[in-house]
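What follows is each chain in one-letter form.
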8 protein chains.
Amino acid sequence: GYAMVDHHRSLRSGYPETIFSQGKTVEQVVGIARRLLEKNVNIMATRADRNVYEALQAIGESVEYHAAARIAVINRQPVPPTRTTILVMCAGTSDIPVAEEAAVTAEVMGNRVERLADVGVAGIHRLLAKRKIIQSASVLVVVAGMDGALPSVTAGLTDKPVIAVPTSIGYGASFGGLAALLTMLNSCANGVTVVNIDNGYGAGYAASLINRM
Amino acid sequence: GYAMVDHHRSLRSGYPETIFSQGKTVEQVVGIARRLLEKNVNIMATRADRNVYEALQAIGESVEYHAAARIAVINRQPVPPTRTTILVMCAGTSDIPVAEEAAVTAEVMGNRVERLADVGVAGIHRLLAKRKIIQSASVLVVVAGMDGALPSVTAGLTDKPVIAVPTSIGYGASFGGLAALLTMLNSCANGVTVVNIDNGYGAGYAASLINRM
Amino acid sequence: GYAMVDHHRSLRSGYPETIFSQGKTVEQVVGIARRLLEKNVNIMATRADRNVYEALQAIGESVEYHAAARIAVINRQPVPPTRTTILVMCAGTSDIPVAEEAAVTAEVMGNRVERLADVGVAGIHRLLAKRKIIQSASVLVVVAGMDGALPSVTAGLTDKPVIAVPTSIGYGASFGGLAALLTMLNSCANGVTVVNIDNGYGAGYAASLINRM
Amino acid sequence: GYAMVDHHRSLRSGYPETIFSQGKTVEQVVGIARRLLEKNVNIMATRADRNVYEALQAIGESVEYHAAARIAVINRQPVPPTRTTILVMCAGTSDIPVAEEAAVTAEVMGNRVERLADVGVAGIHRLLAKRKIIQSASVLVVVAGMDGALPSVTAGLTDKPVIAVPTSIGYGASFGGLAALLTMLNSCANGVTVVNIDNGYGAGYAASLINRM
Amino acid sequence: GYAMVDHHRSLRSGYPETIFSQGKTVEQVVGIARRLLEKNVNIMATRADRNVYEALQAIGESVEYHAAARIAVINRQPVPPTRTTILVMCAGTSDIPVAEEAAVTAEVMGNRVERLADVGVAGIHRLLAKRKIIQSASVLVVVAGMDGALPSVTAGLTDKPVIAVPTSIGYGASFGGLAALLTMLNSCANGVTVVNIDNGYGAGYAASLINRM
Amino acid sequence: GYAMVDHHRSLRSGYPETIFSQGKTVEQVVGIARRLLEKNVNIMATRADRNVYEALQAIGESVEYHAAARIAVINRQPVPPTRTTILVMCAGTSDIPVAEEAAVTAEVMGNRVERLADVGVAGIHRLLAKRKIIQSASVLVVVAGMDGALPSVTAGLTDKPVIAVPTSIGYGASFGGLAALLTMLNSCANGVTVVNIDNGYGAGYAASLINRM
Amino acid sequence: GYAMVDHHRSLRSGYPETIFSQGKTVEQVVGIARRLLEKNVNIMATRADRNVYEALQAIGESVEYHAAARIAVINRQPVPPTRTTILVMCAGTSDIPVAEEAAVTAEVMGNRVERLADVGVAGIHRLLAKRKIIQSASVLVVVAGMDGALPSVTAGLTDKPVIAVPTSIGYGASFGGLAALLTMLNSCANGVTVVNIDNGYGAGYAASLINRM
Amino acid sequence: GYAMVDHHRSLRSGYPETIFSQGKTVEQVVGIARRLLEKNVNIMATRADRNVYEALQAIGESVEYHAAARIAVINRQPVPPTRTTILVMCAGTSDIPVAEEAAVTAEVMGNRVERLADVGVAGIHRLLAKRKIIQSASVLVVVAGMDGALPSVTAGLTDKPVIAVPTSIGYGASFGGLAALLTMLNSCANGVTVVNIDNGYGAGYAASLINRM
Ligand SMILES: Nc1ncnc2c1ncn2[C@@H]1O[C@H](COP(=O)(O)O)[C@@H](O)[C@H]1O
Ligand SMILES: Nc1ncnc2c1ncn2[C@@H]1O[C@H](COP(=O)(O)O)[C@@H](O)[C@H]1O
Ligand SMILES: Nc1ncnc2c1ncn2[C@@H]1O[C@H](COP(=O)(O)O)[C@@H](O)[C@H]1O
Ligand SMILES: Nc1ncnc2c1ncn2[C@@H]1O[C@H](COP(=O)(O)O)[C@@H](O)[C@H]1O
Ligand SMILES: [Mg+2]
Ligand SMILES: [Mg+2]
Ligand SMILES: [Mg+2]
Ligand SMILES: [Mg+2]
Ligand SMILES: [Mg+2]
Ligand SMILES: [Mg+2]
Ligand SMILES: [Mg+2]
Ligand SMILES: [Mg+2]
């Protein structure tokens, strides 16, 4: 077999097993899913296009598809939701797919999630107008491309941990998200940590670990 | 004045105000400290050499100096320590200064901190021998230079959040810590987030926010 | 001779001739200054340490030395100051030398200059508290290292042109100012243009061209 | 809603609200446009292909489409044009789309605009032959790919501010416009500031802020 | 002719002559193959898609096609296999094509080859469970993308030479395999050497030279 | 008009005027050609695909098309050929298009040109076997991708100027030709100068200037 | 203690334990050495300056110091030498320290070592004159800075494995050894693998693993 | 011996043998010089500081020292000078050392050399004023740091080959000469070839090969 499956963690925590679909054939994704389902765990396929979704349905499971997030979920044992909130924010409309990947990941892992879109730092009043929702979250996932400045400003408005997600949205000297990544790594605000460019999944997962502590 | 001071947060949280001494003259550090002390907050000067330490003592305060961490602390109101633990690990002897910066920062912010040094991934048994201490921590700060592989392996041994700190330790294609930084950003392990190269302070601070939730 | 001198512009505009001292011997700077002085123009030596200053004094001129800005000025024909204002802001204490290079350059070129230091985006209220001075300036020079996010936020608070100056202040993934430079080039705010890392002179000069239109 | 709209500025200044279409679906662009039109402002959609143009027409507005510039304009309240001129120059035929983005942006914002194409520095006499038009402009936008040398030479021919726009035109070691960008940031000429690679819009906007002072 | 052929080595060693098909037309590959076959040597075409395979069959040879490895082989003189083993490991399912390129190359060159797939470092127990097979190999080829950490850990489990192969699998800050490459070059484990990103062929070849010593 | 044409040089030297077709529409190329032809000069369109070739034919000219070189030529006044020779060498079969761009450019400019393909440094005897042809050339254009080592070795075999052309042929750490470019810039051999990645045209042109001195 | 010591391997293999002295204080090196010596293993301190050497002597051991290689050795149990040979070659005089680090490492590990210095590819006859010694080695370590072309040519002259070591020798576009590193990774010759810039130790170690198989 | 010496070329051509002193000890330079002098050739030591100069004098030779160029020359057989001229130009005062390295190299190799300093493109008239000297040269070496734009403009003023030398002069986004290097590689002017950053020697050597054809 081309993929060994390790489901101790998911049985223990109720957490889903994740299949990263990008770079895999539909057959490979389905094959891995089948083996995981034998153990009766929840499954989440990320970077999954409609073909993956339909192939998973075809094996006779009830599959939820989150198109904007590109995530397909098979939820056999629902995880009880948290009372505290993860806030997923993004700077621009084009960042929404990455933000959705984070938000859906966190939801599947049993977190209450709030969303806030299109609050760039160039219009600071729109951001400040949302201060209450920002300050009521327990963990924040802040998604931004281009100049990547949103996490710095946001972290200044809260005492909670901020997970910054650079996106590849931009052109020219954004160099595929490098500019936003460097901005976030150099943030002068306290409490900011960073994940890979476009890694909404990783941010949602880490936020869930923190929120469920 | 060359520095405006903002101490609402520290008054509210008991957290220290931090002065980043690198790139400032001793006079500038002392000047900022004086103004902060008027508000009766705790102070932590990072990247502080002995000159900074002695100049702070000279203004008549009781200053603790953590030489390995390069941190000078003026602790007017002790913060009650947590029961849960932050584990600060590092891969090699040369990474210790950065690990200490993280550990002392977390301690000053009122966390119980454990330390684990010299547990590189090339001798995996030395790491596995420490599995108990790894699994009993609530948050982990994992510091590594060169190949930066330690956070990936460590995160696989725990379900708690891991904050990865790349260091500039290395030579040649380590490019001043870039290699370790990229390794950590590309970690395949769940729950890993990353801070700037050599940013022990930022890791300790974020770990504290999480540990004290 | 090792340097041809071109003073049409300065005669015409009353603008100073600039000698970029970095990478030149004191003898070369003095030699160039002597030749310029034969034409009775104003002179400004940038990146000038005390040796340059003293050597210029030694040729019998009245020289003003701006230590923080590292600029020595010989002002034979004072330029009448503008009524409109150039605001020079910087994010951190360590950015002050670059900000001063911009401010002094603009002053020598006959502009009214205001200064605002230590207004990073992580403490957005300190920045907003200065909104009046920001909105009364005709041109803004905004200097920042590390994450370089200040120009984006500032440009959102004004309808005037903002010249962004990245500095080499920082460490690790700041890569000598590259991170701040990329942030500024990717700014989502309208009206931002950018100069070279640490190029306070260039920003001050361009700001003056705009302010004196 | 996926995009909050902020139209204070455009109401106040008569300036258009801009929608950056790249990375947005046609539906998203139209949705944002509809909300903006409720406030009776002018709208400019940049990086807009014909689909965007036609979808905007379909909502019953009179839309102007500038194909070379990839800009669609809905002009409800014409802005009175300036008497002073912005000159938009480019080095090669392939740079024209970026130059047009700058020129149309400036025109929509109420500026008189002149154009000069195909005046590379390798044929300096063609450039010098245009000296009169260069020296009669109040602000210059200078667009170039490959070696990006045109702004340096042009700025030497005028005392007015020059906004340099690197383009991604080129191959090999042009690295997607990086070479031209670095050339422009390192320009030895006074008065040059720089925007992102291919950012004709940003250059046109900043030029307008300066020209309308 | 567009390609000079040199077959001394292959006649001497029984080793195949290799044609790197990428960037060549099918006609060029077939032309080179024809000339080699006149000398009665074995041939291996790497980076060969089905078109190349079918074109080689069309010249009347018995061709073996390894689809996953993208290698077509014409084996006129079988090479006697070794008793010692080369182990080819990879970290993830998506790395399999590169691992197969290494494995098939080594097999064609007459080596006994074992394979181990999907043993990333984030699930260290899955790796440790394979310790016996790891320690019984004479040479190891270790293939990984993303964080590229597998060779460091593996080399710590054996005293045999490890050839590390970074892959371009990943996204964002993997920068097309650069992250994994740097990780491997900075490996703290003894006995690790590295080949180009995605260069399964080079790794298989070098492993064979070592294994057949 | 979108392109000013400057033909003093070509009239004076008999040299062709060049149109760089990449990034231009067929209409733009034809438009520029028409204007040039009014002056009765020779024309060479580089990076020209068959569409450009056919469009040029359609304006009623006799056009030669060099498919491998992607060059279309309209030769109204033949240039008398040199007696001395330019040798154009390349390391691999995939480098031939760039080598041909150099060779055809040099031929159109009236040089005698020899060609040598597929002489990589890893089979040094094949290179040494060609020593006579190498040493009889007056100028050498040496084209190589991947490791780009051929110019260093070749320059050691001759006392004539060597123009090195890196190509984008390769994968992984060749980074689109960057590796070969850096190798050539760092060549330890005397007499080597370098042009842009894939710039066969520039190498052929410079070689012609030297050969015709 | 700041360093855990793991000496199973050295006891088993007779191989020395290595202390990488760079970035450690003399006290740290001595402390680690003391603990290792309790187990009666051989010790090798790399990147060791005279201070390290003298401090090791001061603890009462017989220490050999290889100044050019910057290695100090405490050899309690001599390793029986091999009959087969490792050849360590370098391209220029300035590469000798890195070559010596490789050669001494291999000797301490019990290998017969030959040395060949100053055989750059620009004088190919000097290299070819050494063909006999090249072809009689079982493993080759090839060290080069600047263009890094020597391993490609050398590997073409032998059927044995070649370990390529880029050095930081060079200036300008050598970028601290990056150019040589990329050249070696892109080598078109079979059997070449690469280690980190300046990593003579790693090359010598891997060569020993291969030579002693 | 640490350096093999190869003097066929210099005996044949009257050209000097060159010793690159950077990275070598004075003893190594003198040792190499001694062995060369046995063959009665001319010697040129580049990157030579006064210590090298004095050590060469101490072996009893008549040595000429060019301090600005950092070149020491032992001239046993004077080379007859050419009638045609190499023009060495540089953009700024700080570029003079590199320009002198080129000029002195060319002179030692028997060329007539003209010099032109401080003719940056931002003051194009100063450059145009020198058009006669530019057009009377047979080969041009054009040296520039910062934006590196001078070779493009100069090549447009002549039909002779231009060798462009980027220098490491600059700061910030000049990245140690990278900006100037890329500018020159991307030059739109015909006839430009490029050497390594600061490589005045290589430019002077190649210019001499061309000028003496
Ligand atoms: N969108 C994503 N981005 C990054 N990593 C992911 C993503 N989705 C899943 N992963 C990781 O990939 C692992 C599964 O990888 P695989 O074994 O290749 O399916 C998961 O356990 C996660 O660690
Ligand atoms: N601090 C500075 N940074 C960048 N450029 C400068 C600076 N100071 C002066 N310059 C430029 O350098 C020119 C003078 O350079 P130079 O001829 O080398 O003295 C001035 O005309 C400015 O264009
Ligand atoms: N293949 C090529 N690569 C680089 N530059 C070229 C090439 N072909 C033409 N050129 C240059 O492009 C100029 C014409 O550019 P354009 O005015 O855009 O047609 C010529 O004069 C050459 O300098
Ligand atoms: N010169 C060297 N370059 C790279 N790695 C080395 C070098 N010398 C020793 N090492 C590695 O560093 C390890 C010891 O590191 P440490 O525990 O920091 O003393 C050794 O086991 C080697 O893997
Ligand atoms: Mg905060
Ligand atoms: Mg974990
Ligand atoms: Mg604004
Ligand atoms: Mg100007
Ligand atoms: Mg091992
Ligand atoms: Mg030669
Ligand atoms: Mg070989
Ligand atoms: Mg020319």
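Residues numbered from 1 in each chain as written. Chains lettered and ligands numbered in written order. Predicted model: local features only at pLDDT ≥ 70, side-chain atom pairs only at ≥ 80, totals over all residues. Heavy atoms only, no water.

Enquirer: An account of the overall build of chain A is needed here, citing residue identities and associated values.
Expert: The helix and strand tally for chain A stands at nine helices and nine strands. Relative to the globule expectation of 17 Å for 213 residues, the C-alpha radius of gyration of chain A, 17 Å, shows essentially globular dimensions. Its C-alpha atoms put chain A at 50 × 40 × 25 Å along the principal axes. Residue burial in chain A is summarised as follows: out of 213 residues, 64% are buried. Sequence separation of at least 24 residues holds for 69% of the intrachain contacts in chain A that already meet a minimum separation of 6. Here chain A displays about 7,100 Å² of accessible surface, and carbon together with sulfur accounts for 49% of that area. If you average the places of the 19 positive and of the 17 negative side-chain charges in chain A, the two averages end up 6 Å apart. (Helix = DSSP H or I, 4+ residues; strand = E, 2+ residues; numbered from the N terminus. Rg over C-alpha atoms; globule rule 2.2 N^0.38 Å. Buried < 20%, exposed > 50% of the residue type's maximum accessible area, 1.4 Å probe, protein only. Contact = heavy atoms within 4.5 Å. Areas by Shrake-Rupley, 256 points an atom, 1.4 Å probe, with all protein chains shown as cover. Lys, Arg positive; Asp, Glu negative; His and termini not counted. Charge placed at Lys NZ, Arg CZ, Asp CG, Glu CD.)

Enquirer: So what's going on with the site of ligand 2? Residues and values would help.
Expert: Taken together, the neighbourhood of ligand 2 is formed by C:Thr18, C:Ile19, C:Phe20, C:Lys24, C:Thr46, C:Arg47, C:Glu101, C:Asn199, C:Tyr201, D:Cys188, D:Asn190 and H:Tyr171. Mapping the residues near ligand 2 onto chains gives chains C, D and H. In this structure, C:Phe20 approaches ligand 2 through a main-chain N or O atom, which is 3.1 Å from an oxygen atom. One nitrogen or oxygen atom from the main chain of D:Cys188 is found 3.1 Å from an oxygen atom belonging to ligand 2. The protein chains hide 79% of the 500 Å² of surface that ligand 2 would expose on its own. By residue number, the principal contributor to the shell around ligand 2 is strand E1 (residues 17-20) of chain C, which donates three residues. (Near = heavy atom within 4 Å. Polar contact = N/O pair within 3.5 Å; in protein donor to acceptor, adjacent residues only side chain to side chain.)

Enquirer: Got a sec to walk through the coordination of the magnesium ion (ligand 7)? Specific residues and values, please.
Expert: At the metal site, the magnesium ion (ligand 7) is ligated by C:Ala155 (O) and C:Thr158 (O), and these contacts range over 2.0 to 2.2 Å. Judged by relative accessible area, which is 5%, C:Ala155 ranks as buried. (Donors = N, O, S within 2.8 Å, 3.2 Å for Na, K, Ca; no water.)

Enquirer: Describe the site of ligand 4, listing the residues and the values that go with them.
Expert: Inspection of the region around ligand 4 gives B:Tyr171, E:Cys188, E:Asn190, G:Thr18, G:Ile19, G:Phe20, G:Lys24, G:Thr46, G:Arg47, G:Glu101, G:Asn199 and G:Tyr201 as its neighbouring residues. Surrounding ligand 4 is a set of residues that belongs to chains B, E and G. G:Asn199 places a side-chain nitrogen or oxygen 3.3 Å from a nitrogen atom of ligand 4. For ligand 4, the protein covers 78% of the area, taking 500 Å² as the surface of the free molecule. For the shell around ligand 4, the element with the highest residue contribution is strand E1 (residues 17-20) of chain G, accounting for three residues. A class-by-class count of the residues in the shell around ligand 4 yields five nonpolar, four polar and three charged. (Nonpolar A, V, L, I, M, F, W, Y, C, P; charged D, E, K, R; others polar.)

Enquirer: Tell me about the sheet that holds strand E2 (residues 43-46) of chain H, and please be specific about residues and values.
Expert: All names here are of chain H. The four strands are arranged E1-E2-E4-E3 in an open sheet whose pairing can be described as mixed. Edge positions in the open sheet fall to strand E1 (17-20) and strand E3 (63-66), since each of these has one partner strand only. When strand polarity is set aside, the average angle formed by the axes of neighbouring strands in this sheet is 20 degrees. With three bridges connecting them, E2 and strand E4 (residues 71-74) associate as antiparallel partners. Pairing of Ile-43 across the sheet is with Ile-74, part of E4. Lying over the sheet, helix H2 (residues 26-37) contacts E1, E2 and E4, oriented at roughly 170 degrees with respect to E1. (Pairing = 2+ DSSP bridges. Axes fitted to C-alpha atoms, helices over the stretch in contact; angles between N-to-C directions.)

Enquirer: So what's going on with the relation of the copies chain C and chain A? Residues and values would help.
Expert: For the pair chain C and chain A, the best superposition has an RMSD of 0.0 Å and corresponds to a rotation of 180 degrees with a translation of 0.0 Å parallel to the axis. Interpreted geometrically, this transformation is the action of a two-fold axis. Residue C:Ala149 of chain C places its C-alpha closer to the rotation axis than any other residue of that unit, at 2.8 Å. Most of the interface of chain C is mirrored in chain A: 100% of its interface residues are interface residues there too. (Least-squares fit on C-alpha atoms with pLDDT ≥ 70 in both.)

Enquirer: Describe the interface of chain A and chain D, naming the residues involved and giving the relevant values.
Expert: Listed by partner, the interface residues are 14 residues for chain A and 17 residues for chain D. Between chain A and chain D, roughly 1,200 Å² of surface is buried when both sides are summed, and carbon and sulfur atoms account for 60% of that area. For chain A, the biggest contributors to the area lost against chain D are A:Thr93, A:Arg126 and A:Tyr171; these three give 48% of the whole. Our count for the contact surface shared by chain A and chain D stands at zero salt bridges. In this structure, the connection of chain A to chain D is made through four residue pairs in polar contact (both at pLDDT 80 or more). Along the lines of polarity and charge, the residues of the side of chain A that touches chain D split into seven nonpolar, four polar and three charged. (Buried area = accessible area lost by both parts, 1.4 Å probe. Salt bridge = Lys/Arg side-chain N within 4 Å of Asp/Glu carboxyl O.)

Enquirer: Got a sec to walk through the packing of aromatic side chains? Specific residues and values, please.
Expert: A ring pair, where both rings are aromatic, is described by two values, the distance of the centres and the angle of the planes. In this structure the tally under the stated criterion is 32 aromatic pairs over all chains. A centroid spacing of 4.7 Å and a plane angle of 10 degrees characterise the contact between A:Tyr53 and A:Tyr65, whose relative ring orientation is stacked. With A:Tyr53 in helix H3 (residues 50-58) and A:Tyr65 in strand E3 (residues 64-66), this residue pair connects regions lying 12 residues apart in the sequence. Neither residue differs from the other here; A:Tyr53 and A:Tyr65 are each classed as buried. Through a chain of ring-to-ring contacts, three or more aromatic side chains come together here, namely A:Tyr15, A:Tyr201 and A:Tyr205. Above the face of the D:Tyr171 ring, F:Arg47 is positioned so that its terminal group lies 4.3 Å from the ring centre. (Phe/Tyr/Trp six-rings, centres within 6.5 Å; stacked < 30°, edge-to-face > 60°. Lys NZ or Arg CZ within 6 Å of the ring centre and 35° of its normal.)

Enquirer: Go over the arrangement of the chains, please, and point to the residues and values.
Expert: A gap remains between chain C and chain E, with no contact made and the closest C-alpha atoms lying 13 Å from each other. The smallest C-alpha distance separating chain E from chain H is 20 Å, and no contact links them.

Enquirer: Account for the relation of the copies chain A and chain D, with residues named and values stated.
Expert: Superposing chain A onto chain D takes a rotation of 90 degrees plus a shift of 0.0 Å along the axis, which leaves an RMSD of 0.0 Å. In symmetry terms, the pair is related by a four-fold rotation axis. Every residue of chain A has its C-alpha some distance from the rotation axis, and the shortest such distance is that of A:Phe175, at 7.3 Å.

Enquirer: For the interface of chain C and chain A, give the residues involved together with the corresponding values.
Expert: Counting residues at the interface gives 25 residues for chain C and 25 residues for chain A. Taken over both partners, the interface formed by chain C and chain A buries close to 2,000 Å², and the fraction arising from carbon and sulfur atoms is 70%. Area buried by chain C at its contact with chain A is led by C:Ala122, C:Asp147 and C:Asn186, which between them contribute 28% of it. Run the count over chain C and chain A and you get zero salt bridges. Across the chain C-chain A interface, the total number found is 13 residue pairs in polar contact (both at pLDDT 80 or more).

Enquirer: Describe in detail helix H2 (residues 26-37) of chain G, supporting the description with residues and values.
Expert: Over its 12 residues, H2(G) runs 16 Å from end to end, which matches the ideal 16 Å to within 8%, given 1.5 Å per residue. Three or more residues of H2(G) are buried, namely G:Gln28, G:Val29, G:Val30, G:Gly31, G:Ile32, G:Ala33, G:Leu36 and G:Leu37. (Expected span 1.5 Å × (residues − 1).)

Enquirer: Can you tell me about the pairing of strand E8 (residues 162-166) of chain H, naming the residues and giving the values?
Expert: Residue and element names in this part refer to chain H. With respect to burial, E8 is a largely interior element, five of its five residues being buried. What you see with E8 is no split at all: Val-162, Ala-164 and Pro-166 on one side and Ile-163 and Val-165 on the other are buried throughout. Where strand E7 (residues 139-144) and E8 come together, five bridges link them in parallel fashion. Each residue of the ladder has a partner; that of Val-142, found in E8, is Ala-164. Note: E8 against strand E9 (residues 192-194), three bridges, orientation parallel. Its bridge partner lying in E9, Ala-164 is registered against Val-194. Each parallel crossover has a hand, and the one from E8 via helix H8 (residues 178-185) to E9 is right-handed. (Right-handed = clockwise from strand over helix to strand, strands pointing away.)

Enquirer: An account of the packing of H2(G) against helix H3 (residues 50-57) of chain G is needed here, citing residue identities and associated values.
Expert: Geometry of a packed helix pair, given as the angle between the helix axes and the separation of the axes. Residues and elements named next belong to chain G. The N-to-C vectors of H2 and H3 enclose an angle of 40 degrees; their axes lie 10 Å apart at closest approach. Of the possible angle classes, the one that applies to H2 and H3 is oblique. Considering how the two elements wind past one another, H2 and H3 form a crossing that is right-handed. Judged by residue contacts, Val-26, Val-29, Val-30 and Ala-33 of H2 engage Asn-51, Val-52, Ala-55 and Leu-56 from H3. The class makeup of the residues in the contact of H2 with H3 is seven nonpolar, one polar and no charged. (Parallel < 35°, antiparallel > 145°, perpendicular 65-115°, else oblique. Left-handed = near helix turned anticlockwise from the far one by under 90°.)

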